[in-house]
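Residues per chain are reported as follows:
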Amino acid sequence: MDLRWSAEEQEFRREARTWLEANVPRQPLPSGDTRAGFAAHLAWEQRLFAARWSVVSWPEAYGGRDATLWQWLIFEEEYYRAGAPQRVTQNGIFLLAPTLFAFGTPEQQQRLLPRMAAAEDVWAQGWSEPGAGSDLAAISSRAVRDPAGGGWRLSGQKTWTTRGAFCTHLFGLFRTDPAAERHHGLSYLLLPLDAPGVTVRGFQRLDGDEGFAEVFLDDVFVPDADVLGGVDQGWAVAMATTGSERGLTLRSPGRFLHTAERLVRTARAHPEPTGALRDRVVQGWIDAQAYRLFTLEQVTAISEGRPVGAESSLNKLFWSELDVRLHETALELLGPQAELDSPWSRGFLFSLAGPIYAGTNEIQRTIVAERLLGLPRK
Amino acid sequence: MRFRIAEDDAALAGAAAALLAKEATAREIRAGWPGGDTGRVDAVWRRLAAIGALGTLVPDSADGPGSGLGLGLDENALVPLLVELGRSGLPVPAVETVAVGAPLLAAAGSPHLAEVLAGRLLLTASLDGSGLVPFGQRAPLLVLRADDGLRLYERGELALEPVESTDGSRASARLLRPPDGGGQLLCTAPEELERAWQRGVLGTAALLVGLAERMIELTVDHVQQRRQFGAPVGSFQAVQHALADAHLAVRFARPAVLAAAWSQASSGTAAEAASETAAGADAAVVTSMAKVLASDAARLVARTAIQCHGAIGCTTEYDLHLYAKRAWALAAAWGGPAAHRELIARHLHLPTVEMIRDRIEQGAGFGPGRGPL
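All values derive from a computational prediction rather than experimental measurement.

On a plain count of helices and strands, chain B comes out with 13 helices and nine strands. The buried share of chain B, reckoned over its 373 residues, is 58%. Long-range pairs, those at least 24 residues apart, make up 69% of the contacts in chain B between residues at least 6 apart in sequence. A total accessible area of about 14900 Å² is found for chain B, and carbon and sulfur atoms account for 51% of it.

Below you can see the structure in the form of C-alpha cells.
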C-alpha cells in the first residue's frame, strides 16, 4: 500500500489547479442544455483545448497530454473543485473516443479525434430508441446497403439523445442484418446531424431544459468510411466500452467529492436541531470519499493489467444513488426554500436520471448478481 | 498511489487464511460458546501464534522480550490478516491482542509478552470505558483504561462477572467496579492511548469486512442450491438484487479500511503530507469512515443473508448465525457508526450533539431553511 501521489502527480495537480483558478469563468455559465448556454460552453471548451486541458489522457498528437489514469483523476478532482462548467462534449470524449481508440481505423482517428478535442464537432449518443432502452438489443433503426453510393441508407428513430438539438454529430447502433439474431446484425455508425434526411426535435427534461432530442432518420446516407469497427460488429464494439459509461470515465469521483463538499457548506449554513439530518450530511461525505477510494483501488487494478469488467456496474449503482441522496439531503436542509430554482433543485431533478441512464440500476443489480456473485440466470 | 497490498503483508494473511480454512471450522467456533471445549479454540490460536500472526505489530528485535515472535510490520499488514480472521469466525481476542495489546506490552517491556505472542496466555483489552470486556471470561490478562492511562491487569486483581450476550463465543464479562490501582502501567501519553484506540477501531473494521464476505459466500452457496417454484431461489430478481446491494456495501467498505490502515501507518510522516487520502482528513477521520462503512455493510449483509436463507437462517443449527452475531457485536464495538459519524461531524465543522443540545436549552428558535441558498 502506498497512497502517496508522486512528485510528478503533485506537480500535475499544481499546474491544473493554477490554470483553472486563473481561467474558470467567475460567473457560472448558463445551462449547457439550452441553446445559448451551449454556445457559451463551447467557447469555454475551446479555451480548455487551447491550453491542452480538454482531453488530458489522450495522446499529444490529438491534443492531449498523454496523462495517466491517475493524472486524469487528479485533473477531474481539480476541475470540479474549481467549479468549472459541465462538459457538453462529454459523450464524444468519454464514450465515442475510447471506442475510436480501440476500434477506429487510423484514418477515422486522424479525421475525428482532433476536431472532437477542439470542440469543433460535438457528438451525441444515438443508442436508445422508443422501443429499445435498457433492452438495447431490441434496436430497430435500419441501415440498408447502398452499393452504388458505397455506403448505407439509414431510417428509423433515436430518442433520449442528450443535447441532440445542439450537437453536430451522432454515433449510434443500427440494424444492418435484419435476419440475424438480436445482438448480431448491428453496426456502429457515425453521421453528421445536418445530413439530408435528418430531423431533430428537442424536448424538455424534468429540469425544463431542452436537454433531450428525438432524431428522425429518413433515408440518410452514411459512407462506408463511417462504419466503426466492422459491419454487423456493432454490439461487440458498443459493449466493449459500456464500462466507460457506467464506471470511471463518465463519472469520476471529483464530481461527487465536490457535491459532498457543497452539501457540507450548505449544512453549516442551515443548522438542524435533531441531528438525524446532520448524520445524513456526514454519511454523504463519507460515501463520496468511499467512492473515491473504490475507484483508486480500481485504477490500481487497471494499471496492473487486471480489467475491472462487470465491476463498473458497482460504480454505476453507487454513484447514481449517492447523487440522489446528496441532493435529497440538501433539499431537506433548505426547508421551504427547496422548491425554489437553485443549483440544488436543478441538480436533484437531474440526479433522478442517474439510476436510469447508462443501463438502469435494475439491470446493473442483475449484472452484479449474475456476473460478480455467480448467481443463476432466470 | 497504489492500492496494492505489499508482498510480506499478503504472505502473512495468506498463511493465516490457509491455516484457518483448514483448522477453524464451525466446530471450533461453536467450541467458544458456553459449555464448549475452548481448548479447541486455543489450539488454533497457538498455531496462528506459531506463524507470527500475534506479533504482527511487535518490533522484530530478536533480543527483546518477545523471543523473536515480533514481525515488525505495520497497520498495512494488520488489515489483510484481520480480514481473514473475521472471515474464519474463530472466537479469539484478535483485535485485542494483535492490534492493541501486544504492541503495548512490547513497548512497556512486559514480562508477559513472550507467553502472549506464543498464544499460551490469552490477552484481552477494553478501552471504551463501558465496563464490558470481550473475552473477559477467558483471558487471564486484561488491558483496561485507568485514570492515568492504560494498565495491564491480571484477572485476580479485578472484579469481573460473566454476562450473557448475543454472540456467546465472545465470552464477555462486566467489570463490577473500576480497578482500584494495581496492574502495570503500559502507557500514559494521550497520543499513545489514542493510537491504541485507533488500532482497535481499524482492526474491528477489518474483522467486519471478513465476516461480511463470509456471510455473502454462505448465502450465494445457499441460493444456488435451494430451489422453490421449480428454480434456484438465486435466480429470482428480488434475491439477486438484495444480494447485489449487500455485496456493493462490502466492496465499498474494503478500500476504505485499507486506506485507514495506510493512514495510520504513515501518520505524522512526510508520506501523509504528500497524500490526500480523504480530503485532507487525518488518520482518525479515515479510520472512523472505515468503521462506519464496515459496520453498516456487515449489518446489511447479516440481515440480507438471513432473509435470503429463509427459515433456516433463523436457526442456530445452521452456521450463519455464528457470523451474523459476531457482526452485530463488532458493529457496535470500538464505537458504533453513530459515534464515529459524530467524530466526522466535528472534523467537518458541523454542529455536534452537544452544540445542538445547548441551542435547544437556550430556546433558540432556529429551524431548517433559514440560511442562504
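With that out of the way, let us pick up the interface of chain B and chain A. A common way to report how large an interface is uses the accessible area buried once the components associate. Listed by partner, the interface residues are 65 residues for chain B and 65 residues for chain A. Our enumeration of links across chain B and chain A arrives at six salt bridges. Run the count over chain B and chain A and you get 16 residue pairs in polar contact (both at pLDDT 80 or more). Taken together, the residues of the side of chain B that touches chain A break down into 39 nonpolar, 16 polar and 10 charged.

A separate point is the packing of aromatic side chains. Going through the model one piece at a time under the given rule, you end up with 27 aromatic pairs over all chains. Aromatic side chains Trp160 of chain A and Phe212 of chain A sit 5.8 Å apart centroid to centroid with 70° between the ring planes, which places their arrangement in the edge-to-face category. Placement of Trp160 of chain A in the loop between β3 (151-158) and β4 (169-175) and of Phe212 of chain A in strand β7 (residues 212-223) is noted, with a sequence separation of 52 residues between them. Look at Trp160 of chain A and you get partly exposed, because its relative accessible area is 47%. Taking relative accessible area as the criterion, Phe212 of chain A reaches 22% and is therefore assigned partly exposed. Measuring from ring centre to ring centre gives 5.9 Å for Trp319 of chain A and Tyr357 of chain A, while their planes differ by 40°; the resulting arrangement is tilted. With Trp319 of chain A in helix α10 (residues 312-334) and Tyr357 of chain A in the loop between α11 (343-351) and α12 (361-372), the pair connects residues that are 38 residues apart, well separated along the chain. On the basis of relative accessibility, which here comes to 1%, the residue Trp319 of chain A falls in the buried class. A network of ring pairs unites the aromatic residues Phe256, Tyr291, Phe294, Phe318, Trp319, Phe350 and Tyr357 of chain A together with Phe252 of chain B as a single cluster. The positively charged end of Arg145 of chain A is found above the aromatic ring belonging to Trp152 of chain A, 5.1 Å away from the centroid. Taking NZ or CZ as reference, Arg262 of chain A lies 4.0 Å from the ring centre of Trp344 of chain A, over its face.

Counting residues in each nonpolar core, the largest one holds 195 residues, and the members touching the most others are Tyr188 of chain A together with Leu48 and Val143 of chain B. Broken down by element, the residue count for this core peaks at 17 residues, all from helix α7 (residues 190-225) of chain B. Listed in part, the 24 residues of the second largest apolar core include Trp152, Leu154, Ala195 and Val198 of chain A.

It is worth spelling out unusual backbone geometry at this point. Although it is not a glycine, Asp66 of chain A sits at a positive phi angle of roughly 55°. Topologically, Asp66 of chain A is positioned in the loop between α2 (35-50) and α3 (69-81). One non-glycine residue, Phe229 of chain B, lies in positive phi territory at about 55°. Locating Phe229 of chain B in the fold gives a position in the loop between β8 (227-228) and β9 (231-232). Overall, the relative accessible area of 81% leaves Phe229 of chain B in the exposed class.

Another aspect to go through is the sheet that holds strand β1 (residues 123-126) of chain B. All names here are of chain B. Strands sit in the order β1-β3-β4-β7 across an open sheet of four strands; the sheet is mixed. At either end of the open sheet lies a strand with only one pairing partner, and these are β1 and β7 (184-187). In this sheet, neighbouring strand axes are inclined to one another by 30° on average, regardless of whether the strands run parallel or antiparallel. Pairing of strand β3 (residues 141-146) with strand β4 (residues 149-154) involves six bridges; the strand directions are antiparallel. Across the sheet, residue Leu142 finds its bridge partner in β4, namely Tyr153. Contacts from helix α5 (residues 94-108) reach β1, β3, β4 and β7 within the one sheet, and its direction differs from that of β1 by about 100°.

Attention now moves to the confidence of the model for chain B. Mean pLDDT over chain B stands at 91; residues scoring 70 or higher make up 90%. Predicted complex metrics record ipTM = 0.94 and pTM = 0.94.

Residue and element names in this part refer to chain A. Within the secondary structure layout, Glu332 lies in helix α10. The exposure class assigned to Glu332 is partly exposed, which follows from its relative accessible area of 44%. Expressed as a C-alpha distance, the spacing of Glu332 and Phe49, which sit 283 residues apart in the sequence, is 39 Å. A distance of 3.2 Å separates polar atoms of two side chains, one belonging to Glu332 and the other to Arg280.

To continue, consider the pairing of strand β5 (residues 186-192) of chain A. Residue and element names in this part refer to chain A. In terms of burial, β5 is largely enclosed, as six of its seven residues are buried. Sheet analysis places β4 next to β5, joined by seven bridges and oriented antiparallel. When the bridges of β5 are listed, Phe171 appears paired with Leu190.

Residue and element names in this part refer to chain A. Between its first and last C-alpha atoms helix α9 (residues 276-303) spans 40 Å; for 28 residues at 1.5 Å apiece the expected length is 40 Å, and the two agree. The element α9 is extensively covered by neighbouring structure, given that 23 of its 28 residues are classed as buried. Of the residues one or two after α9, Gly305 is the one with positive phi, at around 85°.

With that settled, consider α11 of chain A. Of the positions making up α11 of chain A, those classed as buried are Trp344, Ser345, Gly347, Phe348 and Ser351 of chain A. On an axial view of α11 of chain A, the arc spanned by its buried residues comes to 165°, and they lie on one face.

Attention shifts here to the packing of α3 of chain A against helix α8 (residues 253-269) of chain A. All names here are of chain A. Closest axis-to-axis distance for the α3/α8 pair is 8 Å, and the angle between their directions is 30°. Judged by the sense of rotation from one axis to the other, the crossing of α3 with α8 is right-handed. For the pair α3 and α8, the contacting residues are Leu73, Glu76, Glu77, Tyr80 and Arg81 in the first and Pro253, Gly254, Arg255, Leu257 and His258 in the second. In the contact of α3 with α8, the residues fall into four nonpolar, two polar and four charged.

Each value, and the rule that gives it
- For every chain, the first residue of its written sequence is number 1, and the numbers climb from 1 along that sequence.
- The lettering of chains begins at A and the numbering of ligands begins at 1, in the order of writing.
- Side-chain atom pairs in this predicted model are given and counted only at pLDDT of 80 or more, local residue features only at pLDDT of at least 70, and totals for whole chains, interfaces and linings cover all residues.
- Hydrogens and waters are ignored; side-chain quantities use all the structure's heavy atoms.
- Every helix listed is a DSSP run of H or I at least four residues long, and every strand listed is a run of E at least two residues long, numbered separately from the N terminus.
- Partly exposed residues are those whose accessible area sits between 20% and 50% of the maximum for their type, while under 20% is buried and over 50% is exposed, using a 1.4 Å probe and protein chains only.
- Any two residues whose heavy atoms approach within 4.5 Å at even a single point are treated as in contact.
- Surface accessibility follows the Shrake-Rupley procedure with a 1.4 Å probe radius. Residue values consider only the protein chains on display as shielding.
- Any Lys or Arg side-chain nitrogen located within 4 Å of an Asp or Glu carboxyl oxygen qualifies as a salt bridge.
- Within 3.5 Å is the distance limit for a polar contact, defined as a pair of N or O atoms, with the added protein rule that one can donate a hydrogen and the other accept it, and that residues adjacent in sequence qualify only through two side-chain atoms.
- Put simply, Ala, Val, Leu, Ile, Met, Phe, Trp, Tyr, Cys and Pro go in the nonpolar bin, Asp, Glu, Lys and Arg in the charged bin, and everything else, Gly too, in the polar bin.
- In this scheme Phe, Tyr and Trp rings, the latter by its six-membered ring, pair at centre separations within 6.5 Å, and the angle between planes marks the pair as stacked below 30 degrees, edge-to-face above 60, and tilted otherwise.
- Here, a charge over a ring means that NZ of Lys or CZ of Arg falls within 6 Å of the ring centre while also lying within 35 degrees of the ring normal.
- Buried Ala, Val, Leu, Ile, Met, Phe, Trp, Tyr and Cys residues that are joined via side-chain atoms within 4.5 Å together make up what is termed a nonpolar core.
- Strands qualify as paired when DSSP identifies two bridges or more between them.
- A fitted line through C-alpha atoms serves as each axis, taken over the contacting stretch for helices, and the angle formed by two N-to-C directions is quoted from 0 to 180°.
- Looking at any residue, its pLDDT shows the predictor's confidence there, from 0 to 100.
- To estimate how far a helix should extend, the number of its residues minus one is multiplied by 1.5 Å.
- Directions drawn from the helix axis to the C-beta atoms are what define this arc.
- Should the near helix be turned counterclockwise from the far one by less than a right angle, the crossing is left-handed, whereas a clockwise turn marks it as right-handed.

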